[in-house]
Every structure is written in structure tokens, then in C-alpha cells.
Amino acid sequence: MKHIFPDHYNEFHCIADRCTITCCQEWKITVDDDTNRKWKKILPPDAISDKRKNLTAYTCKKDGARVIGLDKNHRCPFLSQDKLCHLVTCYGDSVLSETCTLFPREIHEFSTHNEASLMPCCPAVIDLWCEKNIEFPTVSSIVDHSSPMFLVRDNLIKLLQNKNLSIEEALFEGFYILLELYKNQPVTISQINEYFSKQTLFELHSALADIDVPADDTFTECNELLQDLAVNYSKEGLYTGFLQPILAEAEKYPKGTFSPDKPDDMLTDSGTGSELSGIWNLFCDMITDHDIVFRNFLSNELFSDLIIPGSSSKIIEHMVMQYQWIIMEYTAIRQSLFLWHSINSKSPLTYETVRNYIVIISRMTGYDDGDIRTYLENSFAKLIWDWGYAALIIGA
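Residues numbered from 1 in each chain as written. Predicted model: local features only at pLDDT ≥ 70, side-chain atom pairs only at ≥ 80, totals over all residues. Heavy atoms only, no water.

1. Some details on the pairing of strand E4 (residues 105–109)
- Only one face of E4 is covered, namely the face carrying Glu-106 and His-108; the face carrying Arg-105, Ile-107 and Glu-109 is uncovered.
- Across 5 bridges, E4 lies against strand E5 (residues 113–118) in antiparallel orientation. Note that in E5 the partner of Glu-109 across the bridge is Asn-114.
- A loop of 3 residues connects E4 with E5, the two strands running antiparallel in sequence. (Buried < 20%, exposed > 50% of the residue type's maximum accessible area, 1.4 Å probe, protein only. Helix = DSSP H or I, 4+ residues; strand = E, 2+ residues; numbered from the N terminus. Pairing = 2+ DSSP bridges.)

In C-alpha cells, the structure reads:
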């Protein structure tokens, strides 16, 4: 059995009390059955003021799973004031649940090989992505007789890492190809090679370059998507420090308008205030300073989420669905950062701010397959988008 992982995988180390956004707060921490049985026999550490009969007594059922019940401040009851785990300091790592032991690692076990990756819900993971291009294994050349869809994924990652394309161009062109493969099943190796050939990619890029989506329309749709994604977290009082300011700012942009009540120095060059397209375009130029982080983040999402064990019966549909979710994730991060910039127009868009919103939005969109399908079916006219909608929210 081959074990496959990106080049940076073994570089990760938990930074514990130095973490800026701890995974022990505002986070659903699952407790597996084996851990729960073990916890029934373990007393809480002396350092915990809220004494209960055993560790299991600190858990509850939520959304069909057993999780650690958070306190009134949405913190894990085992989290100390200095952001260390009372369980670890008292009993050692072996007492932790599978989730706490594994996070932020993610492992997929296929019949031909195992794949491991790191999740972007952890700031220390993003820190591994901010200085160099990370490399992902080309699984289609490593594993014999693997599904042709691994070759599709390899090519989509390669497309995203092509710096001759903007991130938006790479995302859109990748979606267009994936949609064509979905429409022309069954997918074959020769078909994949044809779609990703230099000539086809050149022709596709030239054709899609003629598409012009007004920035106003992209902004308005992305604003609504972000608000919809955040509504439940806002109601529960989660991530308030990050979400409340930008959601309040988003409310200044009603549907169909790009003209909130702004001071004169935030108006467009025309000075009318009827549009903020100029500011949006300037922001999109500004965000390219963090291009390497976003390319690594999105490449990692493609590697870890596009193909999962058990999706073989409708694998191409699953890939399109996940690709749409990744597009939504990226555009929600981009929109969050624009709204932050709109509030803090005189402050630079720092790496730390970018990292924080990647972490928060990644946590907010960390749905399982079934929940992603349900969300897409309930929020859109159909599960699989037309390419025009992808162009709209990406900003072609």
C-alpha cells in the first residue's frame, strides 16, 4: 500500500499556546466511540473548576454526533487560560479523541493507496504555505490502474499552479473542463489528455477571455453567498470578532447596488458614488500580493477534497460538486477580505489578516459530502451549475 502526501506534510507541528485561532474554541470537537468508552472511566483533571463525574460527562450529542460541549464562551472545557489542553498536561496525548489526535491532518484510504493532507482550518498549516510553492504528488503516475479521475485532479492542480493564469482564470477554466467531462461521460484517458492539451487550453483561454462579467454583479452575488454561509454561525455567536464587522459592512450593500453610504475618499474616480467597481478592482490587484498563499490553499483543497473514498459510483458528479464548493470557499474568503478592507481602508492587507479569514471561512465551510450536496441543492436551481454562474461569482 502506497502512502502519498504533499511535500510539506511532515513539516507541520502544533504551536499550541502560540496559536492565534485555537482549534479548541468555536469548533465542533467530535468524540469517537472508543474514546467515549475510555472517558467514562477517567476523572476530570484537578485544574478544571467545573467538576463532573467523568470526562464523558463533558460531552453531548449534536447533529447526530457526540461532541465535547463548549462552555458559555464557546471554549472547550479542557482548554486552559494559556491555550493548553488540561487533558494532555494531566494524562498525556493518549487520552485525546481521534479528532484531536489527528487534526489538522486528513487521511483518505483508497483501495490502491492512502493519501494524507493538511487542513487549512489551522493557522500553523497556512504558515507552511506562505513562502514557497508546495508540491503535490501526481497520483496518476504513481498508482497503477487508478481511476482516470486522478489524472483529472492532477491536471486541475497543475492548471491552478500555472502562474501565467490568474487564480480566477485557472478556477474558471478548470471548472469549464470539468463540466465538459461531466456532460460527456464516460470519462476516458484520451479524453482527459485532449481537454488538457496545450492547444485546447490555449483555445479555451482565448475564448473565455472574451467573457466580461461586471464587477458589480460579481460583488453583489458574492456578498449574498457570504451572508448566507455565515448566517447560522452569526446566530450562534461564533467567530463574532471576525464575522460581525464584515457582515455589518455587507449590509451596506443591498441587492442590486454597489453604492453604500461612503465618505468622499472612498468614492470611485467619477466621484458620483454610483459604483465602487474601481475600489473592487484595486482590491483585486492588492490581493495578488498573497497569490502564493491562495494558490497553495486551493491546490490543497483540490488534492484533499475532489476525490474521496466511496465516491466511485458518481465520481465525476462528486468532483464537480466539490469543485463548486471550493469556488464558493475562495470567493467567500475574497469577499470577506474586501469587506475588511472597506472598513480598514487605510490599513495594509497583511498576511495575518489573509490567514485569519482563510482559517475562519475554511472552518465555516468544512461540511461533509452529504451536507454539501444538501446545501447546493437547497441554495441553487440545480446541483450542477451552468458555467455562466461560475463565471459570475469567480469574476471572469
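2. Some points on the sheet that holds E5
- The 3 strands lie next to each other as E1-E5-E4, forming an open sheet whose pairing is mixed. Strand pairing shows two members of the sheet lacking a second neighbour, strand E1 (2–4) and E4, which therefore form its edges. Between one strand axis and the next, the sheet turns through 20 degrees on average, direction left out of account.
- Here helix H13 (residues 291–305) sits on the sheet in contact with E1, E4 and E5, set at roughly 145 degrees to E5. (Axes fitted to C-alpha atoms, helices over the stretch in contact; angles between N-to-C directions. Contact = heavy atoms within 4.5 Å.)

3. Considering the confidence of the model for the chain
- On average, residues of the chain carry a pLDDT of 90, and 92% of them reach 70 or more.
- Per-element confidence in the chain ranges from a low mean pLDDT of 80 for helix H12 (residues 277–286) to a high of 97 for H13. (pLDDT = per-residue confidence, 0-100.)

4. Notes on the packing of helix H10 (residues 215–235) against helix H11 (residues 240–250)
- The interhelical angle for the contact between H10 and H11, taken along N-to-C directions, is 135 degrees, at an axis separation of 11 Å. With respect to H11, the axis of H10 lies oblique. The crossing of H10 and H11 is left-handed. Contacts from Asn-223, Leu-226, Gln-227, Ala-230, Tyr-233 and Ser-234 of H10 reach H11 at Leu-243, Ile-246, Leu-247 and Ala-250. (Parallel < 35°, antiparallel > 145°, perpendicular 65-115°, else oblique. Left-handed = near helix turned anticlockwise from the far one by under 90°.)

5. Some details on H11
- All of the buried residues along H11 are Leu-243, Ile-246, Leu-247, Glu-249 and Ala-250. Mapping the buried residues of H11 onto a view down its axis gives an arc of 155 degrees, with all of them on the same face. In H11, those exposed residues whose orientation departs by more than 90 degrees from the buried face are Gly-241 and Gln-244. (Arc of directions from axis to C-beta.)

6. Here we look at the environment of Cys-23
- Inspection of the secondary structure puts Cys-23 in the loop between E1 and helix H1 (33–39).
- For Cys-23, a relative accessible area of 25% translates into the label partly exposed.
- When the C-alpha atoms of Cys-23 and Arg-75 are compared, they prove to be 9.3 Å apart, with 52 residues separating the residues in sequence.
- In this structure, Cys-23 is in contact with Ile-29, Phe-103 and Arg-363, ignoring residues within four places of it in sequence.

7. Overview of the packing of aromatic side chains
- In the structure shown here, the tally under the stated rule is 22 aromatic pairs.
- Summarising the aromatic geometry, the rings of Trp-325 and Tyr-367 are spaced 5.1 Å apart at their centres and angled 45 degrees between planes, so their arrangement reads as tilted. Linking Trp-325 in helix H14 (residues 315–343) with Tyr-367 in the loop between helix H15 (351–364) and helix H16 (369–379), this pair joins segments that are 42 residues apart in sequence.
- A residue is classified by how much of its surface remains accessible, and Trp-325, at 3% relative accessible area, is buried.
- Taking the relative accessible area as the measure of exposure, Tyr-367 reaches 26% and is therefore partly exposed.
- For the pair Trp-325 and Tyr-375, a centre-to-centre distance of 5.2 Å together with 80 degrees between the ring planes defines the contact as edge-to-face. With Trp-325 in helix H14 and Tyr-375 in helix H16, this residue pair connects regions lying 50 residues apart in the sequence.
- Members of the aromatic cluster, connected to one another through ring pairs, are Phe-175, Tyr-323, Phe-380, Trp-385 and Tyr-389.
- One residue, Arg-363, lies across the ring of Trp-27, its end atom 4.6 Å from the ring centre. (Phe/Tyr/Trp six-rings, centres within 6.5 Å; stacked < 30°, edge-to-face > 60°. Lys NZ or Arg CZ within 6 Å of the ring centre and 35° of its normal.)

8. Regarding unusual backbone geometry
- Here the residue pair Phe-103 and Pro-104 is connected by a cis peptide bond, since its omega of 5 degrees sits within 30 degrees of zero.
- Position of Pro-104 among the secondary structure elements: in the loop between helix H3 (98–102) and E4.
- For the bond running from Gln-185 to Pro-186, omega is 0 degrees, close enough to zero to count as cis.
- We note that Glu-26 has phi near 55 degrees; this positive angle belongs to a residue other than glycine.
- Examined against the element boundaries, Glu-26 turns out to sit in the loop between E1 and H1.
- Residue class for Glu-26 comes out buried when judged on its relative accessible area of 17%.
- If you check the backbone angles, Lys-83 has positive phi at about 65 degrees while not being a glycine.
- As for its placement among the helices and strands, Lys-83 is situated in the loop between strand E3 (65–68) and helix H2 (86–91).
- On the basis of relative accessible area, Lys-83 is assigned to the partly exposed category, the value being 29%.

9. What to know about the pairing of strand E2 (residues 59–62)
- Summarising the sheet, E2 and E3 pair through 4 bridges and their orientation is antiparallel. The residue bridging Lys-61 from the neighbouring strand is Arg-66, located in E3.
- Counting the residues that bridge the hairpin from E2 to E3 gives 2 residues, and of these Asp-63 lies at a positive phi of roughly 55 degrees.

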